[in-house]
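# Fold and contact review
Spelled out, the chains give:
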Amino acid sequence: MSINLSDYERGADYPGDYAADLAALQDRLARIQVAHIVHKRRAIILFEGWDAAGKGGIIQRLTAQWDPRYFDVFPISAPTPEEKDKHFLWRFWQKLPLSGDIAVFDRSWYGRVLVERVEGFASESEWRRGYDEINEFEAQQRDCDTTLIKLFVHVTQEEQDERLRKRFEDPWKRWKTGAEDYRNRAKRAAYLEAMDEMFRITDTRWAPWTVIDGNDKKAARVAALTAIADQLEARVPMDPPPLDPELEQVVREALGAT
């Protein structure tokens, strides 16, 4: 079934108790991270979406209760000269998670078929070839038993404009934006065309896309964290490891536990 971004533009207010539901999700995600650690599983969570769609706010709440020793967040920007001199996937291979770790990508290898395509940073032959290269790269991750979760956070032009305006007017948020954010809005049609093709070709059975309606921030955060928790939980044993008899004996002797 094809993905149509216009299906994710309701922007309805979150109907429940946001604070309570968010706290419950974060507790659940904390247990899921422990399961990844003790069972030595690895996972990749990548975020794509419009500027000011709320990706950073989702990531902040996703990782709020995670042990920082076992996850990394990679904000992906323009490649360095060294990275440009290599295959475009090279810099992502360097960031793949170890066993027990979770890697979070704030933007990703999909830059090849989005910004690099629209802005002319890659030739047509390069970005068209990128589809097969990305699908094969993602299949390799799943073949290595890595959970791969792909989220796209969507907002309407009107909502994006309002958020960019607020960023510009707030001196403590202005650092998060730049001139390109405002220039790129004129290319929205080109980006939508690129996104449509991206979904059509890379929404695979081994690495499907999950689209989040980002027009209400609270609803988007709960929806994104729920989708992530569901997908992570489905691929890791959620039973705690058995108690080590030697550890039990030491604890009983040290603490007098019964």
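Everything quoted here is computed from the prediction, not taken from an experiment. (Residues numbered from 1 in each chain as written. Predicted model: local features only at pLDDT ≥ 70, side-chain atom pairs only at ≥ 80, totals over all residues. Heavy atoms only, no water.)

### Describing unusual backbone geometry
Look at Lys40: it is not a glycine, yet its phi comes out positive at around 55°. The topology assignment puts Lys40 in the loop between helix H1 (18-38) and strand E1 (42-49). Residue classification places Lys40 among the exposed positions, given a relative accessible area of 59%. A positive phi angle, close to 65°, is found at Asp145, a residue other than glycine. Examined against the element boundaries, Asp145 turns out to sit in the loop between helix H6 (124-143) and strand E4 (146-154). (Helix = DSSP H or I, 4+ residues; strand = E, 2+ residues; numbered from the N terminus. Buried < 20%, exposed > 50% of the residue type's maximum accessible area, 1.4 Å probe, protein only.)

### Observations concerning the packing of H6 against helix H9 (residues 188-202)
Viewed as axis vectors pointing N to C, H6 and H9 meet at an angle of 40°, and their least axial separation amounts to 10 Å. Judged on the interaxial angle alone, H9 and H6 are oblique. The element H6 and its partner H9 pack so that their crossing is right-handed. Note on element contacts: H9 touches H6 through Ala194, Glu197, Met198, Ile201 and Thr202, opposite Trp127, Arg128, Tyr131, Asn135 and Glu138. For the contact of H6 with H9, the class distribution of residues is 5 nonpolar, 2 polar and 3 charged. (Axes fitted to C-alpha atoms, helices over the stretch in contact; angles between N-to-C directions. Parallel < 35°, antiparallel > 145°, perpendicular 65-115°, else oblique. Left-handed = near helix turned anticlockwise from the far one by under 90°. Contact = heavy atoms within 4.5 Å. Nonpolar A, V, L, I, M, F, W, Y, C, P; charged D, E, K, R; others polar.)

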